[in-house]
Amino acid sequence: MRPHFLLVLAAIRLSAATPPPESQPLSPLDAMKKLQIRAGYGVELVAAEPLTIDPVAIDWDTAGRLWVVEMADYPLGMDGNGKAGGRVRVLDDTDGDGRYDKSTLFADGLNFPNGVLAWRDGVIITAAPDILFLRDTDGDGRADQREVLVTGLLEGNQQLRANGLRWGLDNWVYCAAGGHHGNYGADTRLRSNRAGIDVAVGSRDFRFRPDTGALEPESGPSQFGRNRDDWGHWFGTQNSRPLWHYVLADRYLRRNPHVPAPDPTRQVVVPLNPKVWPASPPEKRFHSFNQSGHFTSACAGMIYRDELLFPRGERHAFTCEPFHNLVQHNVVTDDATSFAAHRAPGEETSEFFSSEDRWCRPVMTRTGPDGALWVVDMYRYMIEHPQFLTDAGKAELLPHYRLGDDKGRIYRLFPVGAKLRTPPRLADMDTATLVHALDSPNEWQRDKAHQLLLWRADKAARDPLATLARESANPLARLHALCVLDGLDALAPELVVHALADPHPGVRENALRLAENRGTPEVIAASVKLVDDADAKVRLRLACTLGEWKDASAGEALARLALKDRADSFTLAAVMSSAVPHARALSNAGIDALSDPLIRLALGLDDRDSLATLLAPIVTSVDSRFTVAQMEGFGRFLEMTNGTDRAGFGTAILAFARTLLGDEAQPTAQRAAAAGLLARDPTKRADLLKVLPRWLAPSQPGDLQRAAVRALGATGDSSVPATLLEGWPAFTPGTRAVAIDVLLAREPWAFALLDSGNAPALDGTQRGRLQKHSSPRVRTLAGKIFKAAGTRAAVVAKFQPALKLAGDGARGREVFTKLCVACHKLGDAGNEVGPNLASVVEHPPEKLLLNILDPNADVQPGFYAYFCQLADSTELYGLMASETGTSITFKLADGTQRPVLRKDIKSLRSANASLMPEGLEAAMTPQDLADLIGFLRTGGKGKKSGMRELAPAKAAR
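Residues numbered from 1 in each chain as written. Predicted model: local features only at pLDDT ≥ 70, side-chain atom pairs only at ≥ 80, totals over all residues. Heavy atoms only, no water.

A. Up close: helix H29 (residues 809–819). Considered for burial, the residues of H29 that qualify are Gly-809, Gly-812, Val-815 and Phe-816. Each buried residue of H29 sits inside an arc of 105° when the element is viewed along its axis, so together they form one side. Across from the buried face of H29, at angles greater than 90 degrees, the exposed residues are Glu-814 and Lys-818. (Buried < 20%, exposed > 50% of the residue type's maximum accessible area, 1.4 Å probe, protein only. Helix = DSSP H or I, 4+ residues; strand = E, 2+ residues; numbered from the N terminus. Arc of directions from axis to C-beta.)

Okay, here's the thing in structure tokens:
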């Protein structure tokens, strides 16, 4: 933090010479006049300074009071050096007019607090590194008791810290891990003080029980906000991703340590960085150059949970975009096991909530107890964090960075003419009335009544709850009654059986979850009937639930599900999460789509019978011949076993493959498959190493050359680098590209490539990989060979003349194809490894120049490169795309994804740098750079334009 502090002090000293901000804060009433709200809806101000200042999160307690978390210490602390100053306030509406008129400071001095949940007689707060429980025990309105429930949360950038705190139907509290995507590491642990346990969470979200301290990892991470719909489907958000669905829960995926799991999320609002329609003029941007005019600070994505704004049964999502001063609305619809989204009619080119006032910073929306949509406006001049600013940006903006730290607003939106609900005082209700309160369309009323019933633990609630679960016409009331009974440990199996036949799919889906620890014969029999349920999400849940039982009927149902929904990747992943107790039933079912995962599982379980069943279609010949698919399939089997075939499954197929090697009359595809198979059999490698070098001759077909290179790499033999480098001069570009990938996969081979004098053939990404390599000798040699032209600042200064040159988009396309297409996508061209470049047209050329020449000046979460060394010493290099309890999925430099089991990882190390390499200037002249910038700023259309024509008018800061 010290460098930031010194910069702040320097900025203060220069403040007399610093120009004032171009816009001034508006009073709450004047700010209201700048709001643009969807037609047919109205907006009211329910709280503003001095009642609340710097609000970032809100929640209501059972008495209807509003708890507000204020991050007053954002961004660098009260003193610019990290001094804590966050607050919690309680707002009361004493005259009942729907607007707050009393503010009580409950707690202060908190460390950048950002999440809140009213709990029992106090409040739970996220304030990294801790989750705190604050109570007022003497009745003076101030917290006098502070308990650390959980500790170990990552600190660092305040925009990336754990937050959220949302109540789940399963009676757990869920927490978003923050935006440290891939930065936690596999050994990061949280400490639950009440339970006295340490739990490894990695970079995942988590859930905990505040009363007992139980804590578990969950799929994630979400950056700011982890919210659910009425039926328990969870959604997350991160900067350029306004809303995704957690399709698969981590607690299911980690049951199977033998098979890597896929990314458990699905993007709902697509594409990445979707367009936004701000009402305010564009601000000057200092980072995320590829996202101007698009989502760049998406946060607090949520599902509206009432029927005041929209008809019952519909799903409507809201995501805040504070940089662009707006809240976007999307209609969410069912799409098989997940969801899809589209813009609402009439909002195609506008937003549900937006402001012409650039100080308006919506950071959270909630469904209020009155049914309205509540919007939390932090109201700051700047919302960007110094970590994401260039040095020039820091110097320009930091003198004004805390402007607005004495302001804050909270609004509510509702249909014009609608009557807002009067929130009941749940805390004053008796048990019977509280049970009846579950029969409400309002999120707050149901969830808080649910919690109160659990806290009271009144046995008198059991019969009314059971009656409500059976007889209520409201499926949400039936659902909450079941979940409360579950929390009270009073849910009878016969009531679960009744719920499994409920007419509403959301109730059936949750009934399956509730059935998991009530596996009586009657419950299992009722559950397996749902194999033929019409709802895909019910079937997905069944695929997860069946893994909790060892009953044979559960295994049979799981196999039927796999066959029925074999086209859905999430259902197949759920099936594999449940497969450990049902490996035999799945192996006998002949599920082609699960052949490899089931083979891996059979190996992990040492289940020889299942393995023989699964391999039979692969090793059974037709007329003494084997297909390419069979040879490739058995090759994958040998890869899983490190070349071991103790039972002799492959005797015939390996013998057949050997006959193909020297038979030039055989099709190239057959010979290539044979080489790939034999390369994985250590008993045949000596013969293979004699044959394959002949396939590298220029006279051989290109496909056969490349197959030989890959097969040589698969052998892992120490002679491979010499063999490939001997044939290097005659390799075509396609064969050379495959050879480079093979040589970079192992440390000695990468060193040999560098030492051979062939390093000039490497592209920028490959050079950057070697310069950041985990091996000191590789890094040192790469540094000598790829000497930088100077410091990044010197390089940027050297290329400043490019900004005065006219850029030719047509020539810029050629530069893009040569230098950028490997990692960036623009239109239909390229790989989406790094950020998509579709929207750079709105960014100043100065910032484009900086990001091209100094890519590590602004590395966004999720785009840090990683080295992963596997148990066989091969090395992966790429981004950490997702993480589960048993596996990590990497996005490699070619855009492909590779899931890896944790047990197969020998070491994992962050490069602490962007995947995008430094040194691109070595392949460019200033004119090339001007052409590239011109091409990018035309959105890839390639028309000719000068920098002055492309530069925007003076932008607001």
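On we go.
B. Focus on the confidence of the model for the protein. Of all residues in the protein, 90% attain a pLDDT of 70 or more, and the chain-wide mean is 89. Scored below 50 in pLDDT, residues 944–957 shows 38 contacts in the model against residues more than four places distant or in partner chains. (pLDDT = per-residue confidence, 0-100. Contact = heavy atoms within 4.5 Å.)

C. Structural view of the sheet that holds strand E7 (residues 115–119). Read from one edge of the open sheet, 6 strands run E7-E8-E9-E10-E13-E14, paired in antiparallel fashion. Unpaired on one side and paired on the other, E7 and strand E14 (197–200) mark the two borders of the sheet. Between one strand axis and the next, the sheet turns through 25° on average, direction left out of account. (Pairing = 2+ DSSP bridges. Axes fitted to C-alpha atoms, helices over the stretch in contact; angles between N-to-C directions.)

D. Region of interest: the state of the cysteines. Inspection of every chain in the model, using the stated rule, returns 0 disulfides. Cysteine Cys-320 is unpaired, with the sulfur of Cys-299 as its nearest cysteine sulfur at 5.0 Å. Its relative accessible area of 0% is what places Cys-320 among the buried residues. (Disulfide = S-S within 2.5 Å.)

E. Structural context of the nonpolar core. One finds Phe-208, Leu-465 and Met-631 to be the most contacted residues of the largest nonpolar core, which totals 223 residues. Residue contributions to this core peak at 8 residues, all from helix H8 (residues 475–487). The next biggest cluster of nonpolar side chains, apart from the first, holds 23 residues, and it includes Val-795, Leu-848, Leu-920 and Leu-929. (Core = buried A, V, L, I, M, F, W, Y, C linked by side-chain atoms within 4.5 Å.)

F. Quick look at the packing of helix H23 (residues 720–727) against helix H25 (residues 747–755). Orientation of H23 relative to H25, taken along the N-to-C sense of each, is 30°, at an axis distance of 10 Å. As summarised for this structure, H23 and H25 are arranged roughly parallel, according to the angle between their axes. Pair H23 / H25 crosses with right-handed handedness. Residues Val-720, Pro-721 and Leu-725 of H23 form the contact with H25, whose own contacting residues are Trp-749, Ala-752 and Leu-753. (Parallel < 35°, antiparallel > 145°, perpendicular 65-115°, else oblique. Left-handed = near helix turned anticlockwise from the far one by under 90°.)

G. Spotlight on the packing of aromatic side chains. A complete count under the given rule lists 24 aromatic pairs for this structure. Taking 5.9 Å as the distance between ring centres and 50° as the angle between the ring planes, the aromatic pair formed by Trp-119 and Trp-167 counts as tilted. Of this pair, Trp-119 sits in strand E7 while Trp-167 is found in strand E11 (residues 163–167), placing the two residues 48 residues apart along the sequence. A relative accessible area of 5% places Trp-119 in the buried class. Ring centres of Trp-244 and Tyr-246 lie 6.1 Å apart, and the angle between their planes is 85°; on these two criteria the pair is classed as edge-to-face. (Phe/Tyr/Trp six-rings, centres within 6.5 Å; stacked < 30°, edge-to-face > 60°.)

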